[in-house]
Amino acid sequence: MKLSRRTILQGAGSLPFALASLRADALAQTAPTAAPGEVPPILFVHGNGDYDALWMTTLWRMESNGIARDRMAAINFTDPNARSDDKVEQANRSSTEDQRRELAAAIAELKRRTGAPRVALVGSSRGGYAIRNVIKNGGVGDVSHAALCGTPNHGVFATDDTLGSEFNGRGAFLRGLNEGESEVTPGTAFLTLRSDGMDKYAQADGRFIGKPGTPTGVTVDGPELKGATNLVLGTLDHREVAFHPRAFREIYKFIAGREPARIAIVPEQNVRLSGLVTGTPGGVSTNRPVAGATVEIFRVDPETGERKGGAVHSAKTGADGRWGPAQVEPSWSLEFVLASPEAPTTHIYRSPFPRSSGIVHLRAARPLGPADKDAGAVVIMSRPRGYFGLPRDVVLFDGREPADVKPGVPTDAAATLRLSAAEVGHDVVAQFGEERIVARAWPASENRIAIAELTY
């Protein structure tokens, strides 16, 4: 079968922990053109330093197109950050073999749970490495489709320095994956999704990896693979090529063999939320559970961020780090208050949740630092499923474009606002595109930080 390359232009405004975090939410497909009823279970795979919760909106869109919740799952790698050298052990970081092993176990669990002979895999960034590794090394019979979104398949760089890094296109890991005339494993259908120049990890100049003026040896088409269907999704950034509605459409078409009936998320009448509290031991983000954390949820006024009554949910995490379930309405704006050991009390403001989710994970904000010493309050605007692109996007924080977001290729997923003591208690508006969140400024003197976390 000859696979065509299409360019689509679009401007876009350890193991037990991983298995325990598999949640009913994912994708599906069996052959490149699957008929209704033949869509396989779908397993979503996150990227470097990330977690399964990034797939939440994709899972909701899948559910809104008739994919059953129990036919989907998303893996939560125990230690999501890569080692500096893949062969050298490093605390709270994983090797390519660690990720291959965890993913293989997750595939086996999803097959067992559904009784399906094969599953479809969808990966963001580094998650595509684990997918290719598991397929190439004995898993092709388990995987019908592999969608790789922004995966740096030829490296973030390809040089003779740091050859032990899995992100080096000249290193042993990627040379092994890419050897041969075709760069894909026969027997599995492959799709790659990439940006048209806006992916910070597919750039010819090294300034995006801290080496300005140094050639990286890779180009914008680095995520493409010989033998795959390779699609270009216009000016979407490194994360958006996985989590944007535009990416959802192509992922769904690839797995289901037809256009989705809808792109919009269909709300549920009854919404139940739960998730995991995780931490950053040694300053490294992990998906390891945190015990002894308290989680409170408040309904807030979407125009002021003020609370509407007492907590609608309150819980303390046990050894598994889980909180919930909490029952909320799909129209409620919410404030999550996380008090985690040895971390600032974190007030997380979120847009309404239109559907239920078991992967509403919470991680405390970073500690207050020297840059915050004179601040009366610190508020962070965060976009986990994409970056802020200026002038590409509408990005306003307290009525202004944030000064710490660099223009051009989108590289920043967070902006920080430091307010005076006189401004404590004021409302702060975070606006990205059509999503608008109002947070309250809490006193930094009480070791508190507020986060306006965007969902879209």
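Residues numbered from 1 in each chain as written. Predicted model: local features only at pLDDT ≥ 70, side-chain atom pairs only at ≥ 80, totals over all residues. Heavy atoms only, no water.

One open sheet holds the seven strands; their spatial order is 11-10-13-14-21-16-18, and the pairing between them is mixed. What marks the edges here is a single partner per strand, and that holds for strand 11 (313-316) and strand 18 (414-419). Each strand axis lies, on average, 20° off the axis of its neighbour in the sheet, ignoring direction. Judged from the seven bridges that link them, strand 10 (residues 294-300) and strand 13 (residues 333-339) form a sheet pairing that is antiparallel. Bridged to Val300 within strand 13 is Ser333. (Pairing = 2+ DSSP bridges. Helix = DSSP H or I, 4+ residues; strand = E, 2+ residues; numbered from the N terminus. Axes fitted to C-alpha atoms, helices over the stretch in contact; angles between N-to-C directions.)

Looking at the chain as a whole, its pLDDT mean stands at 92, while 92% of the residues score no less than 70. Within the model, the stretch residues 1-36 combines pLDDT values under 50 with 141 contacts to residues more than four positions away or in other chains. (pLDDT = per-residue confidence, 0-100. Contact = heavy atoms within 4.5 Å.)

In total, this model carries 35 salt bridges according to the counting rule given. With a closest N to O distance of 3.8 Å, Lys253 and Glu250 form a salt bridge. In this pair, Lys253 and Glu250 are both assigned in helix 7 (residues 245-256), three residues apart and thus about one turn of the helix distant. Residue class for Glu250 comes out buried when judged on its relative accessible area of 2%. The salt bridge involving Asp398 is made with Arg400; its shortest N-O contact spans 3.8 Å. (Salt bridge = Lys/Arg side-chain N within 4 Å of Asp/Glu carboxyl O. Buried < 20%, exposed > 50% of the residue type's maximum accessible area, 1.4 Å probe, protein only.)

Okay, unusual backbone geometry next. Following Gly324, the chain continues into Pro325 via a peptide bond in cis, with omega recorded as 5°. Note on placement: Pro325 falls in strand 12 (residues 322-328). In this chain, Leu390 is followed by Pro391 through a cis amide linkage whose omega measures 10°. Structurally, Pro391 is set in the loop between strand 16 (377-382) and strand 17 (395-397). A positive phi angle, close to 50°, is found at Ser125, a residue other than glycine.

We now examine the nonpolar core. Core analysis: the largest hydrophobic core is formed by 55 residues, its most contacted members being Phe44, Met62, Val122, Leu273, Trp323, Phe336 and Phe353. Looking at which element gives the most residues to this core, the answer is helix 7, with seven residues. (Core = buried A, V, L, I, M, F, W, Y, C linked by side-chain atoms within 4.5 Å.)

Let us look at helix 7. With twelve residues, helix 7 should cover 16 Å at 1.5 Å per step; its first-to-last C-alpha distance of 16 Å lies within 8% of that length. Counting buried positions over the twelve residues of helix 7 gives ten, a clear majority of the element. Looking at helix 7, one finds that the buried residues are Arg246, Ala247, Phe248, Glu250, Ile251, Tyr252, Lys253, Phe254, Ile255 and Ala256. Of the residues one or two after helix 7, Gly257 is the one with positive phi, at around 75°. (Expected span 1.5 Å × (residues − 1).)

Moving on to the packing of aromatic side chains. The geometry of two aromatic rings is summed up by the distance between their centres and the angle between their planes. Within this structure, the stated rule accounts for nine aromatic pairs. Where Trp60 meets Phe353, the ring centres are 6.2 Å apart and the plane angle is 85°; that geometry is what we call edge-to-face. Residue Trp60 is located in helix 2 (residues 56-64), and its partner Phe353 is located in the loop between strand 14 (345-350) and strand 15 (362-363); the two are separated by 293 residues in the primary sequence. The same class applies to Trp60 as to Phe353, namely buried. Feature note: the residues Trp60, Trp323, Phe336 and Phe353 constitute an aromatic cluster, connected by ring pairs. (Phe/Tyr/Trp six-rings, centres within 6.5 Å; stacked < 30°, edge-to-face > 60°.)

As for its placement among the helices and strands, Thr114 is situated in helix 3 (residues 96-114). Taking the relative accessible area as the measure of exposure, Thr114 reaches 22% and is therefore partly exposed. In this structure the side chain of Thr114 is engaged in a polar contact, spanning 2.8 Å, whose partner is the backbone oxygen of Leu110. (Polar contact = N/O pair within 3.5 Å; in protein donor to acceptor, adjacent residues only side chain to side chain.)

Interaxial distance between helix 3 and helix 4 (residues 126-139) falls to 9 Å at its minimum, and their mutual angle equals 70°. The angle between helix 3 and helix 4 falls in the class roughly perpendicular. Between helix 3, through Thr96, Gln99, Arg100, Leu103, Ala104 and Ile107, and helix 4, the contact on the second element is made entirely by Arg126, Ala130, Ile131, Asn133, Val134 and Asn137. Taken together, the residues of the contact of helix 3 with helix 4 sort by class into six nonpolar, four polar and two charged. (Parallel < 35°, antiparallel > 145°, perpendicular 65-115°, else oblique. Nonpolar A, V, L, I, M, F, W, Y, C, P; charged D, E, K, R; others polar.)

The subject of this paragraph is the environment of Asp86. Assignment of secondary structure puts Asp86 in the loop between strand 4 (72-74) and helix 3. Asp86 gets classed as buried once you look at its relative accessible area, which sits at 8%. Along the primary structure Asp86 and Ser165 are separated by 79 residues, whereas in three dimensions their C-alpha atoms are 5.7 Å apart. Other than its neighbours up to four places away in sequence, Asp86 contacts Ser95, Thr96, Gly164 and Glu166. Within polar-contact distance, the side chain of Asp86 engages the side chain of Thr96 at 2.7 Å.

Further remarks concern the side chain of Asn76. When you line up the elements, Asn76 lands in the loop between strand 4 and helix 3. Exposure remark for Asn76: the relative accessible area of 1% places this residue in the buried category. Among the polar contacts listed, one links the side chain of Asn76 to the backbone nitrogen of Asp52, at a separation of 3.0 Å. A polar side-chain atom of Asn76 sits 3.4 Å from a polar atom in the side chain of Asn287.

Below, the discussion takes up the sheet that holds strand 19 (residues 427-432). Read across the open sheet, the three strands follow the order 17-19-20; overall the sheet is antiparallel. Lying at the two open borders of the sheet, with one neighbouring strand each, are strand 17 and strand 20 (435-440). Ignoring strand direction, the axes of neighbouring strands in this sheet form an average angle of 15°.

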